[in-house]
Amino acid sequence: MDMLAPNLQIIYQNSRADALFIEQDFLRRYLTGFYSTDGYVVLTAEKCVLVVDSRYIEAARKAHLAEGVEVREGSYTAALELIKGYKRIGVPYPFINLSRAETLKKEGLELVDCMETLKCAMLTKTDRELALIARACDIAEDAFLRLLPQIKEGICERETAALLEYEMRALGAEGVSFDTIVAFGANGSVPHHETGETRLRFGDAVLIDFGCKTQGYCSDCTRTFLFGDDKKHEKFKEIYAHVLAAHTLVQERVTAGMTGHDADAIARNYLKEHGLDKYFTHSLGHGIGLQIHEYPLLSPRKEEILQDGMVFSDEPGVYIAGEIGVRIEDSLYMKGGKAHTFMKKTQKNLIIL
């Protein structure tokens, strides 16, 4: 069998466990390069074994897996056999469910949390991971550009979301990063509005938060614009300009060595200078990878150090209840000690359809 890939060796060594027992789909994909809805990974000092049932065994054996990954057919029982003789078993809190944890404990195993080790490994992306995220960002932006001419008066939020998701799929996405948010008019004042049946009217503001996946890796983007200009949106336009300025300052000023708190403060302090910080009700950003919300976190309470290879969102927003919602979001990556955007195809100056 091939030697374990260096990242798998490091994960094992840093886990301080005798063996790792991983059941969660995104973590299995991270460790092995193979996606399935069910399966197990057992990682020891000598080997990494992916256990899948008969539905996946053929595909797994043909897949381009991480170096040193061995494939075996089986179920939970087969995976459990692989950790017999080991005592300290690394499992990913908080993703392991209570039932599974209790079952493993009944086998006489001591469970230790390996999620911190996995998180540290996943914090910085490889060139391959960055390329997949870049592709997901390209697809998302291209789909958005295809969507714009299809937005007509009377269309509802759900129909708009469906059209965008269709375009992302048509361009090669394997799925969406999360349920697409489409908010018309005052609905945009709810940061995570539940896309519904509201129909578009002339003069409405439109907020769309969307993303897609390429080989499991996510993109995340938000664009806010006007559907026609009824000359009643001077306040909206002023707020939009400030949100865009805060968004742009982040990309200009974030450098390696800053903390998530420092990055958040760039946008938050700018909005405070203009009396808008109290309407910025969420954090500046979050890590992006195989999950849409990963580490690092860019928030007033986080001190994680930003460094090259990290990917995260830049999404300042202003939300005035029942009236206005503006959010502008790009997916960023750190390289050469600075922040760079993946999103270069869609303009961020205010669009008026």
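It should be noted that the structure appears before, not after, this text.
All of the points below concern the structure found in this document.

Here is what the cut-offs are and how they apply
- Residues numbered from 1 in each chain as written.
- Predicted model: local features only at pLDDT ≥ 70, side-chain atom pairs only at ≥ 80, totals over all residues.
- Heavy atoms only, no water.
- Pairing = 2+ DSSP bridges.
- Helix = DSSP H or I, 4+ residues; strand = E, 2+ residues; numbered from the N terminus.
- Axes fitted to C-alpha atoms, helices over the stretch in contact; angles between N-to-C directions.
- Salt bridge = Lys/Arg side-chain N within 4 Å of Asp/Glu carboxyl O.
- Buried < 20%, exposed > 50% of the residue type's maximum accessible area, 1.4 Å probe, protein only.
- Phe/Tyr/Trp six-rings, centres within 6.5 Å; stacked < 30°, edge-to-face > 60°.
- Lys NZ or Arg CZ within 6 Å of the ring centre and 35° of its normal.

**Remarks on the sheet that holds strand E8 (residues 181–184)**
The three strands lie next to each other as E8-E9-E12, forming an open sheet whose pairing is antiparallel. Two strands in the sheet have a free side with no partner beyond their single neighbour: E8 and strand E12 (221–226). With direction set aside, neighbouring strand axes in the sheet form an average angle of 10°. Note: strand E9 (residues 205–210) against E12, six bridges, orientation antiparallel.

**Considerations on the pattern of salt bridges**
The full count for this structure, using the stated rule, is 25 salt bridges. The partner of lysine 345 in a salt bridge is aspartate 142, and the shortest N-O contact between them spans 3.1 Å. Of the two residues, lysine 345 is situated in the segment after strand E19 (338–341) and aspartate 142 in helix H7 (residues 127–147); the sequence distance between them amounts to 203 residues. Judged by relative accessible area, which is 39%, lysine 345 ranks as partly exposed. In this structure, the salt-bridge partner of arginine 327 is aspartate 209, at a minimum N-O distance of 3.0 Å. Residue arginine 327 is found in strand E17 (residues 324–327), and its partner aspartate 209 is found in strand E9; the two are separated by 118 residues along the sequence. For arginine 327, a relative accessible area of 1% corresponds to the buried category. Given the relative accessible area of 5%, aspartate 209 is considered buried.

**Observations regarding the packing of aromatic side chains**
Across all of its chains, the model carries eight aromatic pairs by this definition. Between phenylalanine 144 and phenylalanine 210, the aromatic rings sit 5.6 Å apart at their centres with planes inclined by 15°, giving stacked as the arrangement. Separated by 66 residues along the polypeptide, phenylalanine 144 in helix H7 and phenylalanine 210 in strand E9 bring together distant segments of the chain. The pair phenylalanine 144 / phenylalanine 210 is uniform in exposure class, with both members buried. Three or more aromatic residues joined by ring pairs form one cluster here, namely Phe21, Tyr40 and Tyr76. Sitting over the ring of tyrosine 76, arginine 100 keeps its end group 4.1 Å from the ring centre.

**Points about unusual backbone geometry**
With an omega of 5°, the peptide bond between tyrosine 93 and proline 94 qualifies as cis. If you trace the backbone, proline 94 turns up in the loop between strand E5 (88–91) and helix H5 (98–106). The backbone of arginine 16 shows a phi angle near 60°, a positive value even though the residue is not glycine. Mapped onto the secondary structure, arginine 16 falls in the loop between helix H1 (6–15) and strand E1 (19–22).

No statement about biological role is implied by the geometric values presented.
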